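So you can see what is in the structure, the chains are spelled out below.
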Amino acid sequence: MIRGRLAGIGPPVVVGVAGFGLWEGIVWGFGIREFLLPRPSSIMDRLVENWPVLRHAGWETGRIAVSGLVAGVLAGVVLALVTTRFRTLNEGLTPLAIAVNATPIVALAPIFNAWFGITGTLSNQAVVVAIVFFPVFINTARGLTEVHPDELELMRSYAASEWAILREVRIPNALPFFANALRVVAPLSVIAAIVAEYFGGPQDRIGNIITSSAAFARYDVAWAAIAVASAVGLGLFAAALLLERLVMPWRLVDGGSENHNTPGREK
Amino acid sequence: MTEPLEPEAAVVVSGVDKVFNVGSSDEVTALSGIDLTIGAGEFVSLIGPSGCGKSTLLRLIGDLLTPSVGEVTVFGKPAHAARMDQDYGMVFQHAGLFDWRRVAANIELPLELRGWSRADRADRSAEMLELVRLPEFGGHYPRQLSGGMQQRVSIARALSFQPKLLLMDEPFGALDEMTREHMQLELLRIWRETGTTVVFVTHSISESTFLSSRVVVLSARPGRIHSVVDVDLGDRTDATREDPAFFAKATEIREALRADKDDG
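In what follows, the accompanying structure is described. All residue numbers refer to positions counted from 1 along the written sequence of the respective chain. Both sets of labels track the order of writing: A upward for chains, 1 upward for ligands. It should be noted that, the model being predicted, local features are given only for residues of pLDDT at least 70 and side-chain atom pairs only at 80 or more, the latter also being counted only at that level, while totals for whole chains, interfaces and linings use all residues. Note: side-chain values were computed over all heavy atoms of the structure, leaving out hydrogens and water.

A few points about the interface of chain B and chain A
- Any two residues whose heavy atoms approach within 4.5 Å are treated as being in contact. Contact residues are listed per partner, giving 36 residues for chain B and 30 residues for chain A.
- Among the residues of chain B in contact with chain A, Trp-100, Leu-113 and Arg-143 of chain B are the three that bury the most area, contributing 23% of the side total.
- A salt bridge links Arg-101 of chain B to Glu-168 of chain A, with the shortest nitrogen-to-oxygen separation between them at 2.6 Å.
- In this description a helix means any DSSP run of H or I spanning at least four residues, a strand means any run of E spanning at least two, and both kinds are numbered starting from the N terminus. Within the residue set of the side of chain B that touches chain A, elements represented by two or more residues are helix H2 (79-84), strand S6 (88-91), helix H3 (103-113), helix H5 (147-159) and helix H6 (177-194) of chain B.
- Top contributing element to the side of chain B that touches chain A by residue count: H3 of chain B, with four residues.
- Looking at the side of chain B that touches chain A, its residues break down into 17 nonpolar, seven polar and twelve charged. Note on definitions: buried area is the accessible-area loss of two parts on being combined, 1.4 Å probe, summed for both. For this analysis, a salt bridge means a side-chain nitrogen from Lys or Arg found within 4 Å of a carboxyl oxygen belonging to Asp or Glu. Three residue categories are used. Nonpolar comprises Ala, Val, Leu, Ile, Met, Phe, Trp, Tyr, Cys and Pro, charged comprises Asp, Glu, Lys and Arg, and polar comprises the others, including Gly.

A look at the sheet that holds strand S4 (residues 69-74) of chain B
Residues and elements named next belong to chain B.
- Pairs of strands are assigned from DSSP output, requiring at least two bridges between the strands. The antiparallel open sheet is built from four strands, whose spatial order is S2-S1-S4-S5. With partners counted over all chains shown, the strands left at the sheet margins are strand S2 (28-39) and strand S5 (77-78), one partner each.
- Bridge count for strand S1 (residues 9-20) against S2 is eight bridges, and the pairing is antiparallel. Its bridge partner lying in S2, Lys-18 is registered against Leu-31.

Quick look at helix H8 (residues 162-199) of chain A
- Every helix has an expected span of 1.5 Å times one less than the residues it contains. Over its 38 residues, H8 of chain A extends only 46 Å from the first C-alpha to the last, a length that falls short of the 56 Å expected when each residue adds 1.5 Å.
- Looking one or two places after H8 of chain A, you find Gly-201 of chain A, whose phi comes out positive at around 100°.

So, the side chain of Arg-241 of chain B
Residues and elements named next belong to chain B.
- With respect to the helices and strands, Arg-241 occurs in the loop between strand S10 (224-230) and helix H8 (244-263).
- Burial classification: accessible surface area is computed with a 1.4 Å probe over protein chains only, and a residue below 20% of its type maximum counts as buried, one above 50% as exposed, and the rest as partly exposed. Owing to a relative accessible area of 13%, Arg-241 belongs among the buried residues under this scheme.
- Separated by 3.0 Å, the side chain of Arg-241 and the backbone oxygen of Glu-181 make a polar contact.
- Polar side-chain contacts of Arg-241 include one of 2.8 Å to the side chain of Gln-184.
- If we ignore the near neighbours within four places in the chain, the residues touching Arg-241 are Glu-181, Gln-184, Leu-185, Phe-210, Phe-246 and Phe-247. Within 3.5 Å is the distance limit for a polar contact, defined as a pair of N or O atoms, with the added protein rule that one can donate a hydrogen and the other accept it, and that residues adjacent in sequence qualify only through two side-chain atoms.

Describing the pattern of salt bridges
- With the rule as written, the count across this model stands at 29 salt bridges over all chains.
- Here Arg-39 of chain A makes a salt bridge to Glu-24 of chain A, at a shortest N to O gap of 3.5 Å. Here the residue Arg-39 of chain A occupies a position in the loop between helix H1 (2-29) and helix H2 (40-49), and Glu-24 of chain A occupies one in helix H1, the gap between them amounting to 15 residues.
- Classification of Arg-39 of chain A as partly exposed rests on a relative accessible area of 28%.
- When the shortest N-O distance is used, the salt bridge between Asp-235 of chain B and Arg-192 of chain B registers 3.9 Å. In this pair, Asp-235 of chain B is assigned in the loop between S10 and H8 and Arg-192 of chain B in helix H6, connecting sequence segments 43 residues apart.
- A relative accessible area of 45% means that Asp-235 of chain B is categorised as partly exposed.
- Each of Arg-133, Arg-152, Glu-186, Arg-189 and Glu-193 of chain B takes part in a single network of salt bridges with overlapping partners.

Section: the packing of aromatic side chains
- Within 6.5 Å between ring centres, the rings of Phe, Tyr and Trp (the latter by its six-membered ring) count as paired, and their orientation is classed by plane angle as stacked under 30 degrees, edge-to-face over 60, tilted in between. By the definition in use, this model includes 15 aromatic pairs over all chains.
- Ring geometry for Trp-23 of chain A against Trp-223 of chain A: centres 5.6 Å apart, planes inclined by 65°, an arrangement best described as edge-to-face. A residue pair is termed long-range when its members are at least 10 positions apart, and Trp-23 of chain A in helix H1 and Trp-223 of chain A in helix H10 (residues 219-247) qualify at 200 residues.
- For Trp-223 of chain A, a relative accessible area of 30% puts it in the partly exposed group.
- Taken together, a centroid distance of 5.8 Å and an interplanar angle of 70° make the contact between Phe-246 of chain B and Phe-247 of chain B edge-to-face.
- Accessibility expressed as a relative area gives 5% for Phe-246 of chain B, which makes it buried.
- Ring pairing ties together the aromatic residues Phe-43, Phe-172, Trp-191 and Phe-200 of chain B, which thus form one cluster.
- Distance and angle both matter: a charge sits over a ring if NZ of Lys or CZ of Arg is within 6 Å of the ring centre and within 35 degrees of the ring normal. Here the guanidinium or amino end of Arg-85 of chain A rests over the ring plane of Phe-86 of chain A, the centre of that ring lying 5.9 Å away.
- Against the face of Phe-75 of chain B rests Lys-164 of chain B, its NZ or CZ located 4.3 Å from the ring centre.

Laid out in structure tokens, this is it:
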């Protein structure tokens, strides 16, 4: 299994390295000017040069993303549990949530600045929470309600309480739905944080570094900031995957039942 | 083989109608005028064309549905009280094991809900795994098991709290022929060893003939009991399937089903 995982890492690494090489070669070979598309090597130079500033910015932006992510996920899960318990609430709220989810929430960033203050981080966090909340809510609520009817009948045959059905059937059933949502919103939280920073908040963050570097035609620095942001996003995505594996160990086992010997079946 | 049948009735269905969607344009009478008594320790199959209400009848006995008219008693008490007392175990066509629980934990689920201690649960699930001949699979996840093995676990789960009644809704319907015939023998063995009353829904004539002490033939639209066929073939073995007496009974059941079709 370990060997299988390493083998899985190989191809993307090769493709990634080749991609950077190609990028470097094209910029160099066609004489593309650095302010249009800097070479990966010069982005790397800027990254090293500005490391203290970029590291601080990545850390702070990461904190906004993670705090908003945690709050949004909690809110989504709690509301999903509440709406599943009360059917009428579910029927009223879910279509509304889907409609709200379809509206571009980052567009609200300037308005959030007015509500929560333009200099603090609260408005940035609010954008992240609003972006994270809906996919988590909608997916978790689906997982809690889309339970196989046989499983519900089985629990009823045990005279199980609603609470027992929630605990034993609905919540485990919702875990894969929740995990899918988490995989989507974890990197999305970084995007949301950066876009929110374009519009306001403290000035030493990834979003501000990108906009101010671009304003001064320091595109290589902007690219270095983007590299830091994507590293943070990747880190959160990896954390979401890890959590998924820890919480749902049964999804890791091989499903190939035909390969198993079946004692008791022969004779 | 079995002890002499106790006189006590396991299930009494009297004057039961079941109408779905009452009052709306898609109102449908699933069952009409059902009277049926199943003795303790009997193995009774319900057979009929699809839409005859055999699964509905099973669910009425299990109090998963309530009759529109008439009443159902299980071991002398109303079906609802029997469900609350967990007097029966249920097995569906799809094993319906919970992916997130290991095999032993699936079998222990009804025991957990009844508040059994961890040690007692472990003892019982080990015993049940022995009964269904999967002793070494307690630590596996359901998806690591074949369809037939999953269905054995489902039977073990249904029997874990030693109910006196087992309700089975086409439990072998999704299995291949070889596995199915083997599972039939296993079920009969378990039935003999536990003395449980079994109500078994199937649409297979040979399956109902092979397994049952009585076969209830239902007709469709509305579902009624067409006839009840006693099947006395003694102890079943694989040889029974080739016995002329077996074919004679299967033919009798087939003709009952066909006669019904001609009527309708």
